[in-house]
Amino acid sequence: MKNWDQAQLIQQMSDRELRINIYFSQFLFFTAGIAVMWFTHFDLTRLRWESFNIIVFGAGTAIGVVLINLLLHKWLPKESLDDGGINVRIFRSMPVWHIAVLTAVISFSEEWLFRGAVQPLLGLSLTSLLFAVLHVRYIKKPVLFTAAVLLSFLLGYLYEYTGNLLVPMTAHFFIDLLLGLLISKGWLSAHIESYPLEDNGGGTHEEHE
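Residues numbered from 1 in each chain as written. Predicted model: local features only at pLDDT ≥ 70, side-chain atom pairs only at ≥ 80, totals over all residues. Heavy atoms only, no water.

## Here we look at the packing of aromatic side chains
Piece 1. Evaluated as defined, the whole model comprises ten aromatic pairs.
Piece 2. On the numbers, 5.8 Å between centres and 75° between planes, the contact of F29 with F114 is edge-to-face. Of this pair, F29 sits in helix α2 (residues 15–40) while F114 is found in helix α5 (residues 96–122), placing the two residues 85 residues apart along the sequence.
Piece 3. By relative accessible area, F114 is classed as buried at 2%.
Piece 4. When the ring of F57 is compared with that of Y161, the centres are 5.5 Å apart and the planes differ by 70°; the resulting orientation is edge-to-face. Of this pair, F57 sits in helix α3 (residues 51–75) while Y161 sits in helix α7 (residues 142–162); the two residues are 104 residues apart in sequence, bridging distant segments of the chain. (Phe/Tyr/Trp six-rings, centres within 6.5 Å; stacked < 30°, edge-to-face > 60°. Helix = DSSP H or I, 4+ residues; strand = E, 2+ residues; numbered from the N terminus. Buried < 20%, exposed > 50% of the residue type's maximum accessible area, 1.4 Å probe, protein only.)

## Focus: the environment of D82
Piece 1. Looking at the element boundaries, D82 is found in the loop between α3 and α4 (86–91).
Piece 2. Counting along the chain gives 107 residues from D82 to S189, while the straight-line C-alpha distance between them is 7.9 Å.

## Examining the nonpolar core
Piece 1. Grouped together as the largest cluster of nonpolar side chains are 21 residues, with contacts concentrated most on I22, I90, F91, L102 and L179.
Piece 2. Breaking this core down by element, the ones donating at least two residues are α2, α3, α4, α5 and α8 (166–184).
Piece 3. For this core, the element with the highest residue contribution is α8, accounting for six residues.
Piece 4. Setting aside residues no more than four positions away along its own chain, L179 makes contact with V66, N69 and L188.
Piece 5. In this structure, M37, A117, F131 and L165 belong to the second largest nonpolar core, which totals eleven residues. (Core = buried A, V, L, I, M, F, W, Y, C linked by side-chain atoms within 4.5 Å. Contact = heavy atoms within 4.5 Å.)

## Structural notes on the packing of α7 against α8
When two helices pack together, their arrangement is given by the angle between the helix axes and the distance between those axes.
Piece 1. Interaxial distance between α7 and α8 falls to 8 Å at its minimum, and their mutual angle equals 145°. The residues of α8 that touch α7, namely those facing L151, L155, L158, Y159 and T162, are V167, P168, A171, H172 and I175.
Piece 2. Among the residues forming the contact of α7 with α8, the class breakdown is eight nonpolar, two polar and no charged. (Axes fitted to C-alpha atoms, helices over the stretch in contact; angles between N-to-C directions. Nonpolar A, V, L, I, M, F, W, Y, C, P; charged D, E, K, R; others polar.)

## Notes on a nonpolar patch on the surface
Piece 1. A contiguous nonpolar patch, built from L121, L122, L126, L129, L130, V133, L134 and I139 and spanning about 650 Å² of accessible area, is present on the exposed surface.
Piece 2. Counting residues per element, the ones that place at least two in the nonpolar patch are α5 and α6 (124–133).
Piece 3. In terms of residue count, the dominant contributor to the nonpolar patch is α6 (four residues).
Piece 4. Structurally, L122 is set in helix α5. (Patch = residues over 30% accessible without salt bridge, like charges linked within 9 Å, V, L, I, M, F, W, Y side chains within 5 Å. Areas by Shrake-Rupley, 256 points an atom, 1.4 Å probe, with all protein chains shown as cover. Salt bridge = Lys/Arg side-chain N within 4 Å of Asp/Glu carboxyl O.)

What follows is the structure, given as structure tokens:
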């Protein structure tokens, strides 16, 4: 991808192909997490139900992050928050149930790998930086890249503070779910030129899901 232009590759995919690629990447994250945890002897007691921590720190953090995101969209120029339309491609017109499933898969697999497997090895700071770097489309966007680093740092801190991997998973899930719903309804988008509703595969933008 020339100049880290992930959006150029996305434009060449249909909506279905894009989502299949997302699910495949999450499968790779989950598999990599299992491999690392196998060698580091991950303690499964770090995956446990704790109502207070999960609701207050997990869901509560998500609400705060989403509110900050909304304020940033209100105060900052659109071009500084434009990810090339990728999030619009992912979530536009997607049914609520599919948004819930997709964000659940993403939040579980990414936290499983980054917080559960990588953070104990690399530490909070390096893991946060790695998390942001892997979001290729943010590298040339200082605001988005900084936000990704800070968000990863926050999720990592939640894990260190509570010792429970379900807490950052919950926070990540509700952040992505709420933002995905806002994007799908057209209430939140910083993309300057939205992609056409017809994908290049010849179907509708939702391909009759």
